[in-house]
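Given next are the chains, with one letter for each unit.
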Amino acid sequence: MPRHHLDRILAQLPAGRLMSVDILRGLAIAAMVLVNNPGSWSYVYAPLAHAEWHGWTPTDVIFPLFLFVVGLSIVLATGKNGEFPTVGKPQWIRAVKLFALGLFLAVFFYNFRDTSYSWFSDRIEGIRWMGVLQRIALVYIASCYLVRWLPASGLIIAAIACSLVPWLLMLWMPYQADSGEMFRGQLLFGNHFSAWLDQALFGSAHVYYRNAQPFAFDPEGLLTTFPAISTCLLGVLAGLSWKRADEAAQQALGQNWLVWGALMLLAGQILDLWIPVNKALWSPSFVLVTAGVSLILLAGLYYLVDIRKRRRAFAPLLVLGVNAIALFMLAGVVGRLLIMIPVAETTLKGWMFTNIFQPLFGSYGGSLAFAAFCLAVFYWVMWQMYRRRIFWKV
């Protein structure tokens with residue numbers, strides 16, 4: 001990327017802004033776009049796919065990383081001591097907008113290749129109520145209230161409770177299938193207390209895994225949203241440690257984040273022996289592992305960007321980070337259009353992959369190259385917004 005292009009990005013950065021947070025948000029959203037837009041879901045490198053059930057891959061860290069940054073951003077938007085004077089209309093408007101945008105993406109699809117397709121039946125009567133943006137909305141508004149009501153010590157207790165109580169329900173709460181069979185403590189795909197609750201609350205037609213047995217469920221279900229709040233609160237606590245430190249303490253803060261991140265990652269890996277790391281269940285070990293990785297990344301970026309001022313190399317991530325929701329919506333809409341537009345016997349996306357990217361780069365390489373191409377195009381759009389100082393604040 002030309003030096004003058006990078007210098008123009010940095011020149012527009014407001015003075016006193018904690019740039020590492022914007023870059024970390026940009027890293028999270030760039031990774032999210034990259035893994036969500038392969039040329040073919042049949043050809044995805046293992047690190048770019050979610051773990052099948054228990055365990056984790058780099059891809060499983062992306063969404064928790066974004067929620068961690070949401071927590072950081074909540075604190076940076078507060079007063080000198082990291083406290084909300086109140087939680088009211090602005091926060092609720094933001095949460096409602098995020099939830100509505102998630103519902104928009106849920107209904108934004110039409111199968112033009114099927115003459116018998118009913119959009120109303122498929123997308124409205126069968127709308128998926130929960131999703132990524134919906135979870136962000138719920139986690140955000142809940143975290144705002146907790147930050148308003150609780151001191152730092154209370155936030156630590158809340159983070160532990162939001163993670164531990166749902167897990168205890170998973171282990172000890174009995175639940176019953178339609179066949180009459182009783183279960184308790186199951187942690188299987190389609191058979192766990194959170195899945196039973198999702199099916200009972202939303203119905204099998206309104207969740208992501210509609211055909212899971214014996215219970216349809218959503219990976220962004222209601223019960224597992226509570227431990228996701230824990231992830232956000234850990235970001236809040238990291239932000240508070242920066243906001244309440246004096247200038248001298250801020251210089252050494254990255255080291256503390258690095259140590260705490262390493263300890264949390266290690267603790268999560270050890271806890272995996274008894275409590276499996278699982279993204280769909282958002283297990284306590286998953287909270288620890290992903291928060292540990294997030295803190296390590298924050299520590300590294302904080303040292304390089306805000307302490308050493310090595311900013312030029314990370315400038316493109318800044319462009320993505322300050323318009324993260326706009327990028328997510330752009331990628332979601334374009335991604336759906338590519339599979340909606342019919343071309344020959346396939347879709348525009350299928351045609352591009354099989355006729356351009358797969359012949360040039362092979363199956364797996366072509367699938368990744370397609371995702372990288374999409375990210376490059378989206379970056380160009382985000383750069384046009386950035387240079388015109390258009391920042392989409394949800």
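All figures in this text were calculated on a predicted structure; none of them were measured in a lab.

**Overview of the overall build of the protein**
The secondary structure content of the protein amounts to 16 helices and four strands. For 394 residues, the compact-globule estimate of 2.2 N^0.38 gives 21 Å, and the C-alpha radius of gyration of the protein, at 21 Å, lies within 12% of that figure. When its C-alpha atoms are laid out on the principal axes, the protein stretches across 65 × 55 × 40 Å. Out of the 394 residues in the protein, the part that is buried amounts to 51%. Taken as a whole, the protein presents about 18,400 Å² of accessible surface, with 65% of it coming from carbon and sulfur. Measuring between centres, the 29 positive side-chain charges of the protein sit 14 Å from its 18 negative side-chain charges.

**A closer look at the pattern of salt bridges**
As enumerated under the stated definition, the model contains six salt bridges in all. The salt bridge partner of R25 is D22, with a shortest N-O separation of 2.7 Å. Taken together, the residues R25 and D22, both in helix α2 (residues 19-36) and three residues apart, mark about one turn of the helix. For D22, a relative accessible area of 2% corresponds to the buried category. One salt bridge in this structure joins R128 and E220, with 2.7 Å as the shortest N-O distance. Here the residue R128 occupies a position in the loop between α5 (119-124) and α6 (132-149), and E220 occupies one in the loop between α8 (193-202) and α9 (225-243), the gap between them amounting to 92 residues. For E220, a relative accessible area of 5% puts it in the buried group. What emerges from the salt-bridge pattern is a single network uniting R128, D218, E220 and K279.

**Quick look at the packing of helix α11 (residues 253-271) against helix α12 (residues 284-307)**
Where α11 contacts α12, the two axes come as close as 7 Å, and the packing angle between them is 155°. Of the possible angle classes, the one that applies to α11 and α12 is roughly antiparallel. Crossing of α11 over α12 shows left-handed handedness. Tallied by class, the residues present in the contact of α11 with α12 amount to 19 nonpolar, six polar and no charged.

**Examining the packing of α2 against helix α14 (residues 324-340)**
Interaxial distance between α2 and α14 falls to 10 Å at its minimum, and their mutual angle equals 5°. As judged from the angle between their axes, α2 and α14 are roughly parallel. The segment α2 lies against α14, with R25, I29, M32 and V33 engaging A324, L327, F328 and A331. When the residues that make up the contact of α2 with α14 are grouped by side-chain class, the tally is seven nonpolar, no polar and one charged.

**Observations concerning the packing of aromatic side chains**
Think of a pair of aromatic rings as described by two things: how far the centres are apart, and how the planes are tilted against each other in angle. Applying the stated criterion to the full structure yields 27 aromatic pairs. A ring pair is formed by W53 and F189, whose centres lie 5.5 Å apart and whose planes are at 80°; its orientation type is edge-to-face. Taken together, the residues span a long stretch of sequence, with W53 in the loop between α2 and α3 (58-76) and F189 in the loop between β2 (182-183) and α8 at a distance of 136 residues. W53 gets classed as buried once you look at its relative accessible area, which sits at 16%. When its relative accessible area of 39% is taken as the criterion, F189 is described as partly exposed. When the centroid spacing of 4.9 Å and the interplanar angle of 70° are considered together, the rings of F189 and Y209 count as edge-to-face. Note that F189 is positioned in the loop between β2 and α8 and Y209 in the loop between α8 and α9, a separation of 20 residues in sequence.

**Side note on the confidence of the model for the protein**
For the protein, the mean per-residue pLDDT works out to 92, and 94% of the residues sit at or above 70. The secondary-structure element of the protein with the lowest mean pLDDT is helix α1 (residues 3-11), recorded at 58, while helix α7 (residues 152-172) shows the highest, at 97.

**Details of the nonpolar core**
Most often, soluble globular proteins have nonpolar side chains that are buried together. Counting residues in hydrophobic clusters, the biggest one holds 92 residues, and the most contacted among them are F66, L133 and W257. Of all the elements, α3 adds the most residues to this core, at 11 residues. Those residues in contact with W257 that sit more than four places away from it in its chain are A238, S241, W242, L295, L298, A299 and Y302.

**What about empty space enclosed by the protein?**
Throughout the structure, instances matching the rule amount to one cavity of 30 Å³ or more. In this model, the largest cavity occupies a volume close to 70 Å³. What lines the largest cavity is simply L34, V35, P38, Y43, V44, Y45, L48, Y364, S367, L368 and A371. When its residues are assigned to classes, the lining of the largest cavity shows 10 nonpolar, one polar and no charged.

**Overview of a nonpolar patch on the surface**
On the surface, Y110, F112, W119, F120 and I124 cluster together to form a nonpolar patch covering roughly 470 Å² of accessible area. Among the structural elements, W119 can be located in helix α5.

**Some remarks on the side chain of T57**
When you line up the elements, T57 lands in the loop between α2 and α3. Judged by relative accessible area, T57 falls into the buried class, the value being 14%. Other than its neighbours up to four places away in sequence, T57 contacts A46, P47, A49, H50 and A51.

**Points about the environment of F104**
Mapped onto the secondary structure, F104 falls in helix α4 (residues 89-107). When its relative accessible area of 37% is taken as the criterion, F104 is described as partly exposed. Here the alpha-carbon distance between F104 and I127, two residues 23 residues apart in the chain, equals 9.9 Å. For F104, the contacting residues outside a window of four places in its chain are M329 and V333.

Cut-offs used in this document
Residues numbered from 1 in each chain as written. Predicted model: local features only at pLDDT ≥ 70, side-chain atom pairs only at ≥ 80, totals over all residues. Heavy atoms only, no water. Helix = DSSP H or I, 4+ residues; strand = E, 2+ residues; numbered from the N terminus. Rg over C-alpha atoms; globule rule 2.2 N^0.38 Å. Buried < 20%, exposed > 50% of the residue type's maximum accessible area, 1.4 Å probe, protein only. Areas by Shrake-Rupley, 256 points an atom, 1.4 Å probe, with all protein chains shown as cover. Lys, Arg positive; Asp, Glu negative; His and termini not counted. Charge placed at Lys NZ, Arg CZ, Asp CG, Glu CD. Salt bridge = Lys/Arg side-chain N within 4 Å of Asp/Glu carboxyl O. Axes fitted to C-alpha atoms, helices over the stretch in contact; angles between N-to-C directions. Parallel < 35°, antiparallel > 145°, perpendicular 65-115°, else oblique. Left-handed = near helix turned anticlockwise from the far one by under 90°. Nonpolar A, V, L, I, M, F, W, Y, C, P; charged D, E, K, R; others polar. Contact = heavy atoms within 4.5 Å. Phe/Tyr/Trp six-rings, centres within 6.5 Å; stacked < 30°, edge-to-face > 60°. pLDDT = per-residue confidence, 0-100. Core = buried A, V, L, I, M, F, W, Y, C linked by side-chain atoms within 4.5 Å. 1 Å grid on protein atoms, 1.4 Å probe; cavity = no way out; pocket = protein on both sides within 12 Å on 5 of 7 lines; lining within 4 Å. Points joined across faces, edges and corners; volume = space filled by probe spheres on them. Patch = residues over 30% accessible without salt bridge, like charges linked within 9 Å, V, L, I, M, F, W, Y side chains within 5 Å.

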